[in-house]
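# Understanding the architecture of this molecule
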Amino acid sequence: MIVVGLSGKARTGKSHLTRELFSAAEKLGWDVEVVPFAGPLKREAAANGYGKDVNPEKYRSYCQEHGAAMRAEDPDHWVKLWFKDIEKLAESEKEATNPLLVLVDDCRYRNEVDILNKYGAVVTFVKHGEREIEDPKGEWRKHESEAIANALESFPDADLKRSGYNYVIYNDGDPEDLTKWATNFINKVCTSDDCPCEACTSTIENRKADPGIIDNELRNLLDQIEDLEDDDHEDH
């Protein structure tokens, strides 16, 4: 099982990227499940008669109020329930013939990032880059669920990667290019072909490669080759 978590501000395109990854992975022979952290809360809302399609306003209010109340009692309440969903999938995977990819498209709280890190998931932070997002200053963006993403949006990519995120994905290009991006992501990140060089990383992160980083990587490679040649000469 490979788990990929997507974090970032609301409406940066996490759900769109998830759909692209889902489609690409299926075409490459993976079984795919979307398991959001909010899944257990949404199921409770529906069980109590607050279905999203039936009454969107009451559904939203219930999820916010009940979600916050349970987190106040135990910050990890919803994370624990989510993990039970993951354990069920891990058990069912034992009898599956295809590899399993789990997509988590709503990583909003620090403890959600932490549990993904703890169990070796691939954690991404989605930035909208130069693309304008809908309602960027809306009051709803002040909700606690948006706090981390709002704070981290302006962080340099290197700082984000030191904070538990494996990749910073830029969703500001041509939407038609996302199908190719998703295929590259699955092939590189979800297999043994996860190369850390700048050329590969920029492909995964959907951005232009940094020439300065590539230059440094080439210089380091040449230095290593020279060291090997020197060692070889000394042996002779």
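Everything below is about the structure shown above.
Residues numbered from 1 in each chain as written. Predicted model: local features only at pLDDT ≥ 70, side-chain atom pairs only at ≥ 80, totals over all residues. Heavy atoms only, no water.

## Notes on the overall build of the protein
Check the secondary structure of the protein and you find ten helices and five strands. With respect to the principal axes defined by its C-alpha atoms, the protein has extents near 80 × 45 × 35 Å. The buried share of the protein, taken over its 236 residues, is 40%. A fraction of 73% describes how many contacts in the protein between residues 6 or more apart in sequence connect residues 24 or more apart. In the form shown here, the protein has an accessible surface area of approximately 13,700 Å², with 50% of it arising from carbon and sulfur atoms. Positive and negative charge centroids in the protein, built from 30 and 50 side chains respectively, lie 10 Å apart. (Helix = DSSP H or I, 4+ residues; strand = E, 2+ residues; numbered from the N terminus. Buried < 20%, exposed > 50% of the residue type's maximum accessible area, 1.4 Å probe, protein only. Contact = heavy atoms within 4.5 Å. Areas by Shrake-Rupley, 256 points an atom, 1.4 Å probe, with all protein chains shown as cover. Lys, Arg positive; Asp, Glu negative; His and termini not counted. Charge placed at Lys NZ, Arg CZ, Asp CG, Glu CD.)

## Overview of the environment of glutamate 112
Tracing the chain through its elements places glutamate 112 in helix 5 (residues 110-118). With 33 residues separating them along the chain, glutamate 112 and valine 79 place their C-alpha atoms 6.5 Å apart. Beyond its immediate stretch of four places on either side in the chain, glutamate 112 contacts Phe37, Val79, Asp106 and Cys107.

## Some points on helix 8 (residues 178-189)
Here helix 8 is twelve residues long and its end C-alpha atoms lie 15 Å apart, about the 16 Å a rise of 1.5 Å per residue gives. If you check which residues of helix 8 are buried, you get Leu178, Trp181, Ala182, Phe185, Ile186, Lys188 and Val189. Against the buried residues of helix 8 lie strand 1 (2-8), helix 1 (14-27), strand 3 (100-107), strand 4 (122-127), strand 5 (167-170) and helix 9 (198-204). (Expected span 1.5 Å × (residues − 1).)

## Focus on the packing of aromatic side chains
In this structure the tally under the stated criterion is six aromatic pairs. Aromatic pair phenylalanine 37 and tryptophan 82: ring centres 4.3 Å apart, planes at 35 degrees, arrangement tilted. One end of the pair, phenylalanine 37, is in the loop between strand 2 (31-34) and helix 2 (39-47); the other, tryptophan 82, is in helix 4 (residues 77-93), with 45 residues separating them in the sequence. Assigned by exposure class, phenylalanine 37 and tryptophan 82 land together as buried. Aromatic side chains phenylalanine 125 and tyrosine 165 sit 5.4 Å apart centroid to centroid with 80 degrees between the ring planes, which places their arrangement in the edge-to-face category. Of this pair, phenylalanine 125 sits in strand 4 while tyrosine 165 sits in the loop between helix 7 (157-162) and strand 5, and the two are 40 residues apart along the sequence. (Phe/Tyr/Trp six-rings, centres within 6.5 Å; stacked < 30°, edge-to-face > 60°.)

## Considerations on the pattern of salt bridges
Think of it this way: side chains of opposite charge can pair up when their charged atoms draw near. Throughout the structure, instances matching the rule amount to twelve salt bridges. Arginine 60 serves as the salt-bridge partner of glutamate 57, at 3.1 Å between the closest nitrogen and oxygen. Here glutamate 57 pairs with arginine 60, and both are found in helix 3 (residues 56-73), just three residues apart, close to one helical turn. Residue glutamate 57 is classed as exposed on the basis of its relative accessible area, which comes to 56%. Exposure remark for arginine 60: the relative accessible area of 41% places this residue in the partly exposed category. (Salt bridge = Lys/Arg side-chain N within 4 Å of Asp/Glu carboxyl O.)

Limitation: the analysis is restricted to geometry and does not speak to function.
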